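Residue-level listing of the chains:
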Amino acid sequence: MKILGIESSCDETAASVVEDGRRVLSNVIATSLEEHKLYGGVVPEIASRRHAESISGVVEEALRQAGCTASDIDAIAVTYAPGLIGSLLVGVNFAKGLSVATDIPLVPVHHLRGHIASNYLSSDIEPPFLCLVVSGGHSHIVAVKSYTDFEVIGKTRDDAAGEALDKAGRTMGLEYPGGVSIDKLSPSGDENAFTFPKPKVHDAPYDYSFSGLKTAVINIIHNSNQKGESICIADLAASFQKSVVDCLISNFESAAENFGYNKLVIAGGVSANSKLRSQAEKMCKSHGWSLCLPELKYCGDNAAMIASQGYYEYKSGVRAQENLNAYATMPLDDLQY
Ligand code: KG4
Ligand code: ZN
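Residues numbered from 1 in each chain as written. Chains lettered and ligands numbered in written order. Predicted model: local features only at pLDDT ≥ 70, side-chain atom pairs only at ≥ 80, totals over all residues. Heavy atoms only, no water.

S.K.: Explain the packing of helix H5 (residues 161-171) against helix H6 (residues 178-185) here, please?
M.R.: Two quantities define a packed helix pair, namely the angle between the helix axes and the distance between the axes. Closest axis-to-axis distance for the H5/H6 pair is 7 Å, and the angle between their directions is 70 degrees. Looking at the two axes, H5 sits roughly perpendicular to H6. On the side of H5, the interface is formed by Leu165, Asp166, Ala168 and Gly169, while H6 contributes Gly178, Gly179 and Ile182. Residues belonging to the contact of H5 with H6 are distributed by class as follows: three nonpolar, three polar and one charged. (Axes fitted to C-alpha atoms, helices over the stretch in contact; angles between N-to-C directions. Helix = DSSP H or I, 4+ residues; strand = E, 2+ residues; numbered from the N terminus. Parallel < 35°, antiparallel > 145°, perpendicular 65-115°, else oblique. Contact = heavy atoms within 4.5 Å. Nonpolar A, V, L, I, M, F, W, Y, C, P; charged D, E, K, R; others polar.)

S.K.: I would appreciate a short explanation of the state of the cysteines in the present structure.
M.R.: By definition, a disulfide links the sulfur atoms of two cysteine residues through a covalent bond. This model, assessed by the stated rule, comprises zero disulfides. Unpaired in terms of disulfides, Cys131 finds its nearest cysteine sulfur in Cys292, a separation of 9.0 Å. Free of any disulfide, Cys247 has its nearest cysteine sulfur in Cys284, 18 Å distant. By relative accessible area, which is 9% here, Cys247 ends up buried. (Disulfide = S-S within 2.5 Å. Buried < 20%, exposed > 50% of the residue type's maximum accessible area, 1.4 Å probe, protein only.)

S.K.: Would you mind going over the site of ligand 1 with me for this structure?
M.R.: Taken together, 18 residues form the shell around ligand 1, and within it His115, Gly136, Asp166, Asp183 and Gly269 come nearest. Gly269 places a main-chain nitrogen or oxygen 3.0 Å from an oxygen atom of ligand 1. Considering ligand 1 on its own, with 550 Å² of exposed area, one finds that the protein chains cover 85% of that surface. Counting residues per element, the ones that place at least two in the shell around ligand 1 are helix H4 (111-117), H5 and H6. Tallied by class, residues from the shell around ligand 1 come to five nonpolar, 10 polar and three charged. (Near = heavy atom within 4 Å. Polar contact = N/O pair within 3.5 Å; in protein donor to acceptor, adjacent residues only side chain to side chain. Areas by Shrake-Rupley, 256 points an atom, 1.4 Å probe, with all protein chains shown as cover.)

Structure, rendered in structure tokens:
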């Protein structure tokens with residue numbers, strides 16, 4: 001079965017053809033990232049306009065690179081939630097139009113389920129497993145019971161890990177996205193130069209909280225500016241990254257121990273982080289657990305992961321109606337469409 005995936009939830013306009021959920025025939029991505037760098041974060045209005053300009057060319061190119069025409073496609077899978085509403089609507093409306101015009105069934109895909117499926121593109125891993133999903137908008141610990149049955153065990157109460165890294169990076173004067181800049185700068189800094197509090201959420205051992213850590217790093221910079229003291233940004237970046245990764249790993253490890261998982265998976269934009277990848281490897285090795293990480297090219301937003309998850313949703317009978325809408329928020333374990 002060939003699935004055409006379409007993704008437009010943030011600043012990447014992406015289309016991909018994936019066979020049987022696993023074999024990527026094409027993976028095309030156009031991004032408006034460079035324009036957003038000027039503003040230190042994604043400007044939703046600019047992102048939606050660029051999606052509208054790029055989407056037909058991106059989909060055409062994905063079909064061309066896969067050696068397909070629309071008649072070879074068995075289903076269209078589209079990200080319909082969560083994300084920037086103006087961005088999501090471009091992908092959803094394009095997919096609906098294509099589905100009606102070609103009579104190809106349409107499958108709605110949750111963006112975070114797609115991130116989890118990015119792992120199916122580079123390995124033969126199958127559920128059940130425990131997944132840490134860390135992106136710019138979400139930090140979740142998810143029990144993946146089957147390809148379409150999920151239970152959120154823990155999540156952030158405030159900022160997502162990627163959001164905290166991006167905001168801290170911006171205050172450090174680093175290029176957007178801060179998560180990427182902090183990862184690049186950290187090897188040249190001392191990760192023990194600064195110590196940060198270890199945030200814990202009372203009565204919710206698997207939930208995260210990153211806003212206090214983010215504020216702590218911002219206060220260090222503001223205080224040093226006020227006093228006219230210089231601080232080593234590489235040391236600060238490395239120390240902050242270490243404390244974010246320690247938090248992510250610590251709850252993930254307790255969840256795996258307490259729920260009895262020995263197959264661990266990481267997904268989402270922050271899964272590209274080198275410190276997170278190496279700490280996760282170390283943790284899994286010490287317990288004798290297996291670890292699956294997406295290939296770097298599938299960590300960020302892409303449509304191959306949407307096509308992959310779309311395949312499994314399709315097989316479980318999920319179909320969109322012609323009135324499919326987009327939603328800025330949607331729990332990953334209780335879908336409405
Ligand atoms: O999954 P994603 O591409 O978009 C969302 O669904 O949010 O994630 C984007 C996030 C941004 O916060 C970005 O800073 C972060 O992923 N990110 C990283 C790295 N690469 C991307 N964070 C830390 N280290 C990286 N190497
Ligand atoms: Zn994403």
